[in-house]
Amino acid sequence: MVGLVVVSHSAKAAEGIVEVAAEMGGDTAIEAAGGDDGEIGTDADRISDGLAAADDGDGVVVLVDLGSAVMNAEVAIEMHDGQAIIADAPVLEGAVNAAVAATDPKASLDSVVEQAEAAADISKV
Amino acid sequence: MSGDADAVVAAVRAVADRIESERSHLTDLDSAIGDADHGGNMARGWAEAADAVADLDDPDAQTAVKTAGKTVLSEVGGAAGPLYGGSLVFASPELEGGITPETAVAFAETYLEKVKDRGDANVGDQTMVDALTPAVHTFKKSIETDDLPPLEALAKAVAAAEIGVQFTVPIRASKGRASYLGWRSVGHQDPGATSTLYIMEELLETAADQFDSEVPDVDATSPTIPDAEAAEN
């Protein structure tokens, strides 16, 4: 099953987004990788640990917030022993969409990324 | 340990000491346009890197550079970890055959490409790329076209980086945290370009020690010897 990692500058934000997505995502493995040693920031090692925990062999979709989240996610993916893709999506809405998409029995890494990225088009009002 | 690896170990220690002594200056630059963590993060990361390379058992130059990069990557965090540390790791295989003028040029070019690619930044974005690009171009030309001695080539590269740092002052940031400030970023010296210059200055000092020589007095914009000869002929 495709897993998810949520990367945010804030550990609380990452955990909160995981909480929201998990409610919709059934058995989907969703890992929070927020903050940098207890401070605001992102950390490649922490994201690496998240990738390892979320990957059961079917790959991982990574949701990111701003700036260095993308860079550290890229570095972590380069070091990861498996497949992982950064979704170009809003972090919370993308995580919810991806968590739901991953529960589809026919889900693939690409289909989950696609659903995460579709969240960019969600109209709110 | 090879002489090249000795030089890397000495260089990483020199960089760590320099960043530590510039810590508050870097943080002041960063607090004007960013999140005021550049000095502290970099000082911590490079100090750890200096210890990590000193602890290696008989490394070659490539392994020493890779170890320094990995340590900076995990200890510095933020965007600086991937940019300074990740790029060192990525470029380290260029030094597989040891450090020669040719492998140093290849290493510098690969490092610059990775920084630009990772940060999605180009010259003129008010980032470290503004210091690195003139430095790497000048180094490459000095070695490959002008056939200058390596120490002189490196000295010209450092002088070029200095011009690049000055160039970050009057331009507007379009990458990194400072870009959120828009026009308010104009007039500020980029902390990443500044710390990149410090790193290069320490590489030059270490290289001069290795050659048991003084740091050559050069001007980045002075005409090069072969070009001057060609003009006369």
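The rules behind these values
Residues numbered from 1 in each chain as written. Chains lettered and ligands numbered in written order. Predicted model: local features only at pLDDT ≥ 70, side-chain atom pairs only at ≥ 80, totals over all residues. Heavy atoms only, no water. UniProt positions renumbered as here; feature names shortened; annotations may be inferred. Contact = heavy atoms within 4.5 Å. Buried area = accessible area lost by both parts, 1.4 Å probe. Salt bridge = Lys/Arg side-chain N within 4 Å of Asp/Glu carboxyl O. Polar contact = N/O pair within 3.5 Å; in protein donor to acceptor, adjacent residues only side chain to side chain. Helix = DSSP H or I, 4+ residues; strand = E, 2+ residues; numbered from the N terminus. Nonpolar A, V, L, I, M, F, W, Y, C, P; charged D, E, K, R; others polar. Buried < 20%, exposed > 50% of the residue type's maximum accessible area, 1.4 Å probe, protein only.

Going by the annotation in an unreviewed UniProt entry, the name recorded for chain B is Dihydroxyacetone kinase subunit L, with Halonotius terrestris given as the source organism.

Looking at an unreviewed UniProt entry, chain A carries the name phosphoenolpyruvate--glycerone phosphotransferase, with the source organism given as Halonotius terrestris. Quoted verbatim from the Catalytic activity (unreviewed entry) field of UniProt, the annotation for chain A is "dihydroxyacetone + phosphoenolpyruvate = dihydroxyacetone phosphate + pyruvate". Check the Subunit (unreviewed entry) section of the UniProt entry for chain A; it says "Homodimer. The dihydroxyacetone kinase complex is composed of a homodimer of DhaM, a homodimer of DhaK and the subunit DhaL."

Undergrad: Explain the interface of chain A and chain B to me, please; I cannot follow it from the model alone.
TA: Interface size is commonly expressed as the accessible surface area that is lost when the partners come together. Across the contact, 14 residues belong to chain A and 13 residues belong to chain B. Here chain A packs against chain B, burying approximately 1100 Å² in sum over the two surfaces, 50% of which is carbon and sulfur. A per-residue breakdown of the area chain A buries against chain B is headed by A:Met71, A:Val75 and A:Glu78, which together make up 38% of the total. Joining chain A to chain B, the criterion identifies 3 salt bridges. Across the chain A-chain B interface, the total number found is 4 residue pairs in polar contact (both at pLDDT 80 or more). Top contributing element to the side of chain A that touches chain B by residue count: helix H3 (residues 68–79) of chain A, with 7 residues. Per-class residue counts for the side of chain A that touches chain B are 5 nonpolar, 4 polar and 5 charged.

Undergrad: Looking at this structure, I do not really get the pattern of salt bridges. What am I missing?
TA: Opposite charge on two side chains permits pairing when their charged atoms draw close. All names here are of chain B. Tallied over the entire structure, the rule returns 14 salt bridges over all chains. Here Arg-23 makes a salt bridge to Glu-20, at a shortest N to O gap of 3.1 Å. For Arg-23, a relative accessible area of 35% puts it in the partly exposed group. Take Glu-20: its relative accessible area is 40%, and that puts it in the partly exposed class. As a salt-bridge pair, Lys-140 and Glu-109 come within 3.3 Å of each other at their nearest N and O atoms.

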